[in-house]
Structures are given as C-alpha cells and as structure tokens.
Amino acid sequence: MKKKLWISLALLLVIPGLLFTVSCAKKAVKIEPSAVTEPSEEPAEEKVAEAPITAPTEEEAQVVAREVAEEEEKKKEEPIEEEKVEAVEEEKVEAVEEEKVEAVEDEEEKLEEIAAKNQFIYEDIYFEFDKSTLLPMAQDTLKKKAEYLFNNTYITAVIEGHCDERGTNEYNLALGDRRAESAKSFLVDLGILPTRLTTVSYGEERPVDPRHIREAWAKNRRAHFVIE
Amino acid sequence: MLLGSALSWAGYDYIDISNPFLRKIPIAVPFFKTATINDAETQISSKAADLLSKTFEFTGYFKTIDRNAYLLAPNNSDIDSPNFRNWRSIGAELLITGGISVKNNSMEMELRLFDTFKEQLLIGKIYKGKINDQRKIIHRFCSEVIYLFSGNWGYFNSKIAFVSTGSGNKEIYICEFDGYNPKQITHDSNLTLSPAWSLNAKWIAYTSYARGKPDLYIRHLTEKRGAVVAKKGINSTPAWVPGKFLLAATLSFSGDQEIYLLTGTGKIIKRLTHKRGIDTSPAWSPEGKKIAFVSKRSGTPQIYIKEIDSGRIKRLTFEGRYNTQPSWSPKGDKIAYSAMKNDKSNICVINVDGSNLVQLTNNAGENESPSWAPSGSLIAFSSTREGPSRIYIMTAYGTDQRRLLTLPGEQTNPDWSPRVINN
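Residues numbered from 1 in each chain as written. Chains lettered and ligands numbered in written order. Predicted model: local features only at pLDDT ≥ 70, side-chain atom pairs only at ≥ 80, totals over all residues.

On to the overall build of chain B. Along the backbone of chain B there are three helices and 30 strands. In terms of overall size, chain B behaves like a compact globule, its C-alpha atoms giving a radius of gyration of 23 Å where 423 residues would be expected to give roughly 22 Å. Once the C-alpha set of chain B is aligned to its principal axes, its extents read approximately 75 × 45 × 40 Å. Every one of the 423 residues in chain B was classed for burial, and the buried ones make up 48%. For chain B, long-range pairs separated by at least 24 residues make up 42% of all intrachain contacts whose partners lie at least 6 apart in sequence. (Helix = DSSP H or I, 4+ residues; strand = E, 2+ residues; numbered from the N terminus. Rg over C-alpha atoms; globule rule 2.2 N^0.38 Å. Buried ≥ 20, exposed ≤ 12 C-beta atoms within 10 Å, placed from the backbone. Contact = placed C-beta atoms within 7 Å.)

Counting buried residues along strand E26 (residues 367-372) of chain B, six of its six residues qualify, which places the element largely inside the surrounding structure. The turn joining E26(B) and strand E27 (residues 378-383) of chain B, which pair antiparallel and follow one another in sequence, is formed by five residues; a positive phi near 75° is taken by B:Gly376. (Pairing = 2+ DSSP bridges.)

Turning our attention to unusual backbone geometry. Residues and elements named next belong to chain B. Positive phi is not limited to glycine here, since serine 194 has a value of about 50°. Tracing the backbone shows serine 194 in strand E10 (residues 192-197). For serine 194, a count of 27 C-beta atoms within 10 Å gives the class buried. Non-glycine residue serine 369 carries a positive phi angle of around 65°. With respect to the element layout, serine 369 can be found in strand E26.

As a further point, take the nonpolar core. Ranked by internal contacts, the top residues of the largest apolar core, which has 109 residues, are B:Ile27, B:Ala205, B:Ala292 and B:Ile379. With seven residues, the top contributor of residues to this core is helix H3 (residues 134-150) of chain B. Setting aside residues up to four positions removed in sequence, B:Ile27 forms contacts with B:Phe56, B:Phe62, B:Thr64, B:Ile65, B:Ala92, B:Leu94 and B:Ile96. Residues A:Leu134, A:Ala183, A:Val200 and A:Ala223 belong to the second largest nonpolar core, which totals 15 residues. (Core = buried A, V, L, I, M, F, W, Y, C linked by C-beta atoms within 7 Å.)

What follows deals with the interface of chain B and chain A. Each partner contributes to the interface: chain B provides 27 residues, whereas chain A provides 15 residues. Looking at the side of chain B that touches chain A, the elements that each hand over two or more residues are E10, strand E14 (235-240), strand E18 (279-284), strand E22 (323-328), strand E23 (334-341) and E26 of chain B. Of the residues that constitute the side of chain B that touches chain A, the class distribution is nine nonpolar, 15 polar and three charged. (Nonpolar A, V, L, I, M, F, W, Y, C, P; charged D, E, K, R; others polar.)

Residue and element names in this part refer to chain B. Relative to the helices and strands, isoleucine 291 resides in strand E19 (residues 290-295). In this structure the C-alpha to C-alpha distance between isoleucine 291 and leucine 111, which are 180 residues apart in sequence, comes to 42 Å. Filtering out sequence-adjacent residues up to four positions away, isoleucine 291 remains in contact with Ala248, Leu272, Pro282, Ala283, Trp284, Lys306 and Ile308.

Take the domain arrangement of chain B next. Residues and elements named next belong to chain B. Domain annotation of chain B identifies domain 1 (4-150) and domain 2 (159-416). Distance between the C-alpha centres of domain 1 and domain 2: 35 Å. Contacts between the two partners involve five residues from domain 1, matched on the other side by seven residues from domain 2. Across the side of domain 1 that touches domain 2, the residue classes break down as two nonpolar, three polar and no charged. (Domains from an automatic or database assignment.)

Structure (structure tokens):
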C-alpha cells in the first residue's frame with residue numbers, strides 16, 4: 001500500500017517536471033520591411049519551436065520571467081541593430097549618390113582646371129614698340145596668371161620675352177629680356193615666389209606671325225608663359 | 001685716310017685721298033705665261049689671272065681692262081720687260097704680268113707689277129708652293145700691292161663670319177673675305193647669333209641657345225677648346241678688345257642689361273656701364289681704349305662713346321630715334337651703325353667727334369649690321385634689297401655695293417675678322 005503511494009507521488013513530481021524541462025520560453029523575432037532599396041543582408045531569423053505549456057510552477061515562472069526579460073533586452077537591441085543596419089544602408093546609398101554628384105563636379109573641376117591652364121599658356125601679354133612697361137590690359141592678364149600660380153603651388157613657369165622684327169637682333173635680345181623681367185617682377189610683387197619663375201629672351205627670333213606688317217608686329221611684341 | 005703724299009711714287013699719286021674710289025685705276029692683268037703648254041699650267045694660268053683681276057676689283061680701287069683689248073698673247077711677250085707702249089695705248093696705267101711653271105704637284109709663280117707710264121717695275125716676287133696654294137699666293141701678292149699704295153696690308157687673309165639659316169636654324173658660318181669657301185662652324189640646331197672674331201681670327205665668340213637660353217660661347221676655331229658664359233639672363237654681343245685676349249659683352253644677370261669686360265676664358269674683370277636701362281652692343285676703338293655702345297639712357301636707343309680709363313661718356317648720335325649696332329673703323333676715325341627711320345634701316349657713318357654724318361645705303365631693303373674690313377676701306381653689312389637677307393660689301397664711302405655670296409636661307413650679322421698673319 002505505501003509503495004503505491006510513493007509511486008504515484010513520484011509520478012506526480014516527475015511528469016510535470018519533465019513537462020517543464022521540455023517547454024522553453026517562446027522567442028519570436030520580427031523583421032520589419034526596411035526603407036532600403038537595395039537588397040541587404042537580413043539578420044537571421046530565429047524560429048523557435050513552440051511547445052504546449054501547462055500551468056507553470058513558481059520556479060518555472062521565475063525562469064520564464066527571466067527569459068522574457070532577456071527576450072525584451074534582445075528585442076531592444078535588435079531594432080537598434082536594425083537601425084544601424086538601415087543607417088549603414090542609407091549611408092551607402094547616399095555615398096553612391098554623392099559619388100555620382102562628385103564625379104560630375106570633378107569633371108567640371110577638371111574642365112575648369114584645363115581652361116585655367118590653357119588660359120595661362122595661351123594668353124600672352126603685349127607691349128608697345130620699344131617698351132617693356134606693362135599696359136593695364138597686360139597687368140590684368142598677369143593678375144589672372146598670378147591666380148593660377150597661387151592655385152597650383154607646385155607649378156614653375158618660364159616667361160619668354162619677344163620683340164617684333166624691327167630694330168636689330170642684339171638690341172631686341174636685350175629688350176625681350178626686359179619684357180620678360182617686367183612680367184616676372186609684377187608677379188613677384190603680387191606674392192609669387194621668384195624661384196618659381198625663370199625668364200628667357202628670344203629677341204626678334206621667334207615671331208608668332210612672320211608677316212612684315214604692323215598687325216604682325218603687334219602680335220610679336222609679347223611675353224609668353226610656358227609651364228615647366 | 002691714306003698716308004697721303006708720302007705714298008706718291010715719284011710725284012704720282014696713285015690713290016686719291018679724298019675719295020679713293022672715285023677714280024678707279026685701270027689695270028691690265030693678262031693671262032700668265034706658262035713654261036710649257038701642258039694642261040695644268042694653262043688652266044692655272046687663266047684661273048690665277050682671273051683671281052688676280054677679281055681681287056683687285058674687290059678692293060674698289062681698280063678696274064681691270066677687258067682682256068679682249070689686249071694686243072699681244074701672254075706667251076708672246078716678255079713678262080719681265082713688257083712693251084709699255086702697247087699697254088698704255090689700251091689705257092692701262094698699271095700692268096701685272098705673271099709666269100707659271102708646274103712640276104708634279106709643286107708650282108712656281110712669278111708676279112710683277114709695272115707702272116706703264118713710268119715704265120718701271122714696282123713689285124716683283126717669286127712664290128713657290130703647291131698647286132693648291134694658288135689663292136694664298138695671289139692674296140699675298142695683292143697684300144704687297146695694296147701695302148705699296150695705301151700703307152695698309154689690307155684684308156686678303158681675313159675672314160668673314162655670319163649667321164645663316166640654310167640648315168633650318170640660325171648657325172654660324174665663315175668664309176674668306178671674298179665669299180670663297182663658306183663653311184658651317186656651329187651645329188647646335190638651335191639659335192646662334194652675333195659672331196665675333198678675335199685677334200688673328202683664332203677664336204670666335206657668339207651667342208647660342210644650345211642650352212635653352214642665350215649663353216655666350218668662346219671657341220677656338222681649330223682646337224677643341226673654349227669657355228661658356230652662361231649666367232642668368234642674356235649673355236650676348238661679344239666684342240674682342242683689339243689685339244688682346246679680352247672681350248666685352250652684354251650680361252643681364254644683375255637684373256639690368258649692362259656691358260662687362262671679360263677675359264677670353266669668360267671671367268668677369270669689371271663692369272663697364274652703370275646706368276639703368278638697356279646698355280648693349282659694345283664696339284672697341286682700334287687701340288682698345290674706348291667703346292662705342294648702344295644705350296637707352298636718354299629715352300631712345302642711341303650710340304654713346306665711353307673712355308674706359310677716365311670713365312667719361314659722350315653721346316655720339318643725335319639724329320633719328322633708333323641708332324644701334326655701332327662698328328668702329330680700324331682706322332679709328334669713323335663709326336658705322338644702323339639707323340632706323342620710319343621702320344626702315346640704313347647704314348650710316350659718322351666721325352668719332354660726331355661730325356660728318358653720312359648715310360651710305362639708300363632705303364633699298366633693310367640694311368643692318370655693319371662691320372669694317374681690317375683695312376678700314378670696306379664695310380660688310382646685311383641687306384634685304386633682293387628679298388632674302390644677304391651679306392653685302394661696299395666701300396667706306398658707300399660705293400660699289402655688291403653681294404658677297406649667296407647661300408640657302410638668309411644670311412645676316414656679318415663680322416669681318418682682323419687680318420690673319422702667318423697664314
């Protein structure tokens with residue numbers, strides 16, 4: 001008789017015990033659809049097997065509560081992680097858009113640079129006959145050249161001085177020298193380092209226009225810049 | 001100019017002092033008498049006689065009588081006692097006879113100068129050499145003749161340097177005084193300018209862009225040695241001090257174009273000009289005590305003269321607004337230069353004291369870059385009167401303007417060397 005009591009008591013304890021160890025806390029993870037257009041990696045879903053639960057004991061209740069608390073914690077972290085992921089994805093999208101914009105801006109900048117460089121090389125300054133003084137227009141052109149030199153500090157240039165064919169080779173060699181130096185001093189006065197500029201005179205030896213008329217002569221009386 | 005009356009030969013003035021080129025002395029130069037009738041000798045006979053006539057005419061003092069007028073063939077007359085009456089009758093006042101004999105490669109040449117009116121032998125010489133020494137021998141004889149008449153040894157051994165673009169770039173060339181045997185002596189394939197001969201034509205200085213900028217090269221003509229002056233700025237217009245291994249040049253390393261005195265090895269001795277503004281193109285007086293140079297100190301390029309020792313400077317040119325390229329006559333009394341008026345350039349000559357300004361060329365093209373012959377009787381210059389620029393020669397009085405030579409491209413900036421002694 002006592003034996004049967006013990007057995008039933010044991011069963012009474014064991015079976016629910018078994019039941020309780022088998023059933024776990026429920027975890028449900030939800031993934032919200034995000035605003036990212038590009039497919040991004042989704043955090044792994046955790047699926048949890050759910051098992052029917054009988055009335056919990058206190059011990060089990062505590063376990064459950066603990067697990068629920070952990071669950072809540074995890075739930076809080078996940079949205080943050082999700083937010084981070086979203087944010088990263090958003091950044092990536094912005095980055096790509098910015099890259100495109102930058103690429104366009106870069107193109108524009110490059111074109112501007114080329115234009116500035118061309119202006120530096122192709123725009124000469126001109127002088128009156130037998131003079132090396134800088135006319136106002138020449139000074140304006142030189143200011144633009146100074147700007148280019150300021151914006152491109154690694155550049156050094158050669159300033160060539162030229163004359164028209166009238167007058168003698170020897171005298172014109174000296175005059176070309178003065179014209180080149182005149183341009184150089186103006187730039188140095190504006191703050192360009194003199195070591196960045198070298199001068200060369202070509203006298204009347206290298207005209208751009210070989211004709212023997214006034215128009216040609218005016219074009220030949222010049223100072224010309226070359227980037228080294 | 002000439003040592004005047006001291007040179008009249010027994011009362012006969014051969015060359016008129018006031019303008020020695022006005023009346024040219026008629027001279028006869030028959031073909032030379034040959035010892036045999038072999039080909040070599042006959043050829044030389046005519047070539048040498050032709051060279052002799054041409055050279056006499058080159059001086060501007062003589063005109064040779066056409067050989068068609070000669071009465072007797074050379075081999076029929078005595079070269080040491082000609083029939084003076086015959087020569088007088090065709091108008092010759094002077095007569096040169098020559099005799100040639102050739103053996104293998106060596107040659108003997110007899111040359112005699114006669115006064116047909118006085119019936120006198122003035123000069124008689126025998127020269128021995130190789131066949132190729134013809135030109136040298138003829139030139140030596142011409143020097144003797146000119147020395148007799150003018151007290152000056154002339155320029156028959158001298159050379160002319162100039163710039164020519166024939167190769168595609170401006171390079172320096174040299175030729176003999178009569179344009180013979182032109183040779184290219186720089187091969188920098190860039191720009192070369194302003195050649196200048198030293199004493200005895202041993203060295204030549206010039207400006208070259210071989211290193212990308214105008215540097216001054218001082219080069220021995222035959223031995224491979226020399227110096228370079230490559231200071232910052234321009235290194236240009238070399239001008240040798242007569243008789244010395246020194247030269248003046250324009251250097252602008254100080255920031256201003258000034259004239260400096262340098263050794264022949266390119267070391268600066270001292271600075272010669274000190275005014276702000278362009279000072280360039282020095283030209284020495286024959287004793288080397290003064291320089292003529294171009295300065296813009298008064299506002300336009302003009303020629304000034306500076307006494308090196310005292311430092312005194314005097315302005316020489318006052319006419320016109322652009323006077324450059326001075327060249328000092330080896331006789332010391334005159335300076336030739338380029339004067340530009342209304343964009344046209346002409347050669348002018350002025351006395352060293354500023355008097356007697358004469359324009360020698362007459363607006364035929366651009367005439368620039370005068371350079372005196374060592375005798376002071378001729379001037380070389382460049383002219384574009386025929387289109388492309390060529391080297392021309394004229395007498396000191398502007399007469400007999402003729403082209404010296406024609407090469408491909410354009411020729412400019414002649415410099416006449418001093419006499420070459422011991423050829």
